[in-house]
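Below, each chain spelled out in residue letters.
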Amino acid sequence: MDVKEQILHNIQNVLAEITDRKPYIKIDRPQDPNHGDYSTNIAMIAFPDVKSKFKDPFKFAQELAAKLNKSGELNEIFERIQAQPPGFINFWFSEEHLIKELGKVLDKKEKYAGSDNKEKTVVIDYSSPNIAKAFGIGHLRSTIIGQTIYNLYKFLGYKTIGDNHLGDWGTQFGILIYQVIEKKLDVEKQGVEKLEELYVEFNKDAEENPQLRDRARLWFKKLEDGDVRAREIWKKLTDTSLKEFSRIYDLLNIKIDYAYSESFYEKMLPEIIRECVDKKVAVEDQGALVIKFPGDGLPPAIIRKNDGATTYLTRDLATIKFRLSQWDPKLIIYEVGVEQSLHFKQLFKAVELLGWAKADMFVHVRHGLYLSSDGKKFSTRRGKTIHLFKILEEAVGRAEKLTKGGDKRIAKAVGIGAVKYFDLFHNPSSDIIFDWEKMFALEGNSAPYLQYAFARTQSVLAKVKSQKSKVKGEIQNQNLEKEELLILRLLIYFPEVVRDAAENFSPNLLCNYLFELSQVFNNFYQKHKILGSKKEEFRIALTSAVGQILKTGLYLLGIEAPEKM
Ligand code: ARG
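All values derive from a computational prediction rather than experimental measurement. (Residues numbered from 1 in each chain as written. Predicted model: local features only at pLDDT ≥ 70, side-chain atom pairs only at ≥ 80, totals over all residues. Heavy atoms only, no water.)

Attention now moves to the sheet that holds strand S8 (residues 288-293). One key point about sheets: their strands pair by backbone hydrogen bonds, in either a parallel or an antiparallel sense. Ordered by their spatial adjacency, three strands build an open sheet running S7-S8-S9, and the pairing between neighbours is antiparallel. With partners counted over all chains shown, the strands left at the sheet margins are strand S7 (282-285) and strand S9 (298-304), one partner each. Each strand of the sheet is rotated relative to its neighbour by a mean of 40°, with strand direction disregarded. The pairing of S7 with S8 spans four bridges and is antiparallel. The residue of S8 that forms the bridge with Ala-282 is Ile-291. Packing against the sheet, helix H12 (residues 312-327) makes contact with S8 and S9, and its axis sits at approximately 85° to S9. Across the face of the sheet, helix H13 (residues 341-353) comes into contact with S8 and S9 while running at roughly 75° to S9. (Pairing = 2+ DSSP bridges. Helix = DSSP H or I, 4+ residues; strand = E, 2+ residues; numbered from the N terminus. Axes fitted to C-alpha atoms, helices over the stretch in contact; angles between N-to-C directions. Contact = heavy atoms within 4.5 Å.)

What follows is the structure in structure tokens.
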């Protein structure tokens, strides 16, 4: 249990002694240090329930604070738990406890704040580009954010299943196969670029010549029926795209556990459709089969078109059925752009109508767009996949200029780190304005800034011959300087920040924390001598702990932490 959970738990207990009601308990980290390290307004929130017993919220807060003070557990952590008008309860860490926690960081090292109980399973659906289409910047966001969410849950002790739901099925493949045959193309010699053009050209031609659409449909039908030629071309399209995508994954250093892909679910679709009909969840409507959501304010969703073709939704239903039976997850997380919000609302609702699971075990983490500085949608369309790859390469090139001697390995860590962090420090749902300067700002909230702070801790530690990793009794009771105290206070917050970031699907919370820690450390480093000072042992311990937390934090964000820069 982290400190916040402990406070919560204790408040729940003392509240239960006074009232049967269970109001939501909000615990904050106040900005103003005069309000303590934590603060809660629960006495004001719960006051209406206990009006008959207390004169005002402040009296009630005093009573709660007195009870909390008696609880042995919180007494060990806080030096003071105090009511403050008009009814807040504030908590102040004891220095003794902060130093004890520092020892814990140094003992547990990269395991600090983590767990490996592996009781619950969570499935994370992320990246998921489409075959024969560009790996767009939206897929880049999904890959970066999805991977971080994966890392966070894994670190917290969940069994994590990452699944790349590649778009490799659907009527568009009829078009592609038709085009490949018509144009006598050697697919293996084409880039994704060219394949995407085929699709665009077809749509142009079909405007003049609508019966082309029937030909394409026929090819998709053949593909579904297992026609050898159709399958062969489809396989080549897939392999060609995957080869190109893997260059991006390699550069990003990302490996996803599974890629079951849409095509995998093809054989389950008749059974899914039958179940929807049998359970009266889907009905015929103008030749199509649709799921209606009366009362939920959602438009109907098609699971079989009037030409018999299944849809993205049908395949997503099958995907859920498979995941539920295969892994029995507690949670399924989809990291997909905001433009698919309606699709996921319909999907989760349909699952509930089918009685497979409650809608609240599914989450759509929706990322916003990338915009260019003029506020327009930032597009990797021109040059598509290649362009995205070039952007990543340019990032590495820019990083080379920042690193000593242009070390290639370090430049890659810094350049790719900068791209990832720039995405992650924004709230996933917000739009991002693409900005090279900010991405590499050495004085700002950027990966290079964090990496520098980490490298600084390592350069101090490298000068220490025998690294002292234990904080012993003699360290206690020394007059802590303001800068030291700030670091200690931040270190102890790390476990709950990680938990908050995971529970809220918000890697940005972790980013902001790491930025704050780096700033506080840099400030300490500038003001105080570490090596050769009277408090050397303690300060080395502090430096080592900051290094550890930065390293763990960056690791969770999928960012490397080079020892030198
Ligand atoms: N391939 C889809 C796209 O690029 C994203 C798939 C997301 N995952 C899912 N289960 N629907 O739009």
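For the structure on display, the rule yields 36 salt bridges. The salt bridge partner of Asp-49 is Arg-21, with a shortest N-O separation of 3.2 Å. Here Asp-49, found in helix H2 (residues 42-50), pairs with Arg-21, found in the loop between helix H1 (3-18) and strand S1 (27-28); they are 28 residues apart in sequence, far enough to count as distant. Residue Glu-275 is joined to Lys-279 by a salt bridge in which the shortest nitrogen-to-oxygen separation is 2.6 Å. By relative accessible area, Glu-275 is classed as buried at 13%. (Salt bridge = Lys/Arg side-chain N within 4 Å of Asp/Glu carboxyl O. Buried < 20%, exposed > 50% of the residue type's maximum accessible area, 1.4 Å probe, protein only.)

Within the open sheet, the four strands sit side by side as S1-S2-S4-S3. Their pairing is antiparallel. Looking at strand neighbours, the two that pair on one side only are S1 and strand S3 (78-84), the edges of this open sheet. Examined bridge by bridge, strand S2 (residues 38-40) and strand S4 (residues 88-93) share three bridges and lie antiparallel to one another. Counterpart to Ser-39 in the pairing with S4 is Asn-90. Its contacts with the sheet put H1 on S1, S2, S3 and S4, and the angle it makes with S2 is roughly 35°. Contacts from helix H3 (residues 57-70) reach S3 and S4, with the element oriented near 165° to S3.

With that out of the way, let us pick up the side chain of Thr-240. Position of Thr-240 among the secondary structure elements: in helix H10 (residues 228-252). Not counting chain neighbours up to four residues away, the residues in contact with Thr-240 comprise Val-187, Glu-188, Gln-190 and Leu-195.

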